[in-house]
Amino acid sequence: MSTDTYAITKIVGTSKTSIEEAIDGALATARKTLRNLDWFEVVSTRGYIEDGKVAYYQVTLELGFKYDVSG
C-alpha cells in the first residue's frame with residue numbers, strides 16, 4: 001500500500017495593486033523554496049488605508065505540499 005504525507009504552511013502576500021497580485025506574489029516566492037505545492041486557501045484578506053484610499057492589500061494563505069520521501 002502506498003501512502004503520501006502532506007504539510008501545510010502559512011504565508012502572507014502583499015500588493016499595492018490587487019488581491020490577485022498579492023496571491024501571485026506569495027506563490028511565486030513560495031515556489032522558490034517549497035517543492036510539490038499542491039493547493040492554497042485564502043484564510044484572511046486585509047487592506048490598509050492611507051488618506052482615505054487603499055494603500056495595499058494583504059492576503060494570508062495556507063499552502064499544502066506533499067513531502068518528497070524519495071531517496
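Structure: see above.
How each quantity is defined
Residues numbered from 1 in each chain as written. Predicted model: local features only at pLDDT ≥ 70, side-chain atom pairs only at ≥ 80, totals over all residues. Heavy atoms only, no water. Helix = DSSP H or I, 4+ residues; strand = E, 2+ residues; numbered from the N terminus. Buried < 20%, exposed > 50% of the residue type's maximum accessible area, 1.4 Å probe, protein only. Contact = heavy atoms within 4.5 Å. Polar contact = N/O pair within 3.5 Å; in protein donor to acceptor, adjacent residues only side chain to side chain. Core = buried A, V, L, I, M, F, W, Y, C linked by side-chain atoms within 4.5 Å.

## Looking at the side chain of Thr60
Move 1: Positionally, Thr60 belongs in strand E3 (residues 53–66).
Move 2: On the basis of relative accessibility, which here comes to 7%, the residue Thr60 falls in the buried class.
Move 3: Thr60 has contacts with Lys10, Ile11, Val12, Glu41, Val42, Val43, Ser44 and Arg46, leaving out every residue within four places of it along the chain.

## A few points about the side chain of Ser15
Move 1: Checked against the element boundaries, Ser15 lands in strand E1 (residues 6–15).
Move 2: Owing to a relative accessible area of 5%, Ser15 belongs among the buried residues under this scheme.
Move 3: Looking at Ser15, its side chain comes within polar contact range of the main-chain nitrogen of Thr17, at 2.9 Å.
Move 4: Separated by 3.2 Å, the side chain of Ser15 and the backbone nitrogen of Ser18 make a polar contact.

## Points about the nonpolar core
Move 1: Residues Ala22, Ile23, Ala26, Leu27, Ala30, Val59, Leu61 and Leu63 constitute the largest nonpolar core, which totals eight residues.
Move 2: Where this core is concerned, the elements lending two or more residues are helix H1 (19–31) and E3.
Move 3: The element that contributes the greatest number of residues to this core is H1, accounting for five residues.
Move 4: When near neighbours in sequence (up to four residues on either side) are disregarded, Ala30 contacts Ile11, Leu37 and Leu63.

## Side note on the environment of Leu27
Move 1: Of note, Leu27 is situated in helix H1.
Move 2: Expressed as a C-alpha distance, the spacing of Leu27 and Val12, which sit 15 residues apart in the sequence, is 9.5 Å.
Move 3: Aside from chain neighbours lying at most four places away, what touches Leu27 is Phe40, Leu61 and Leu63.

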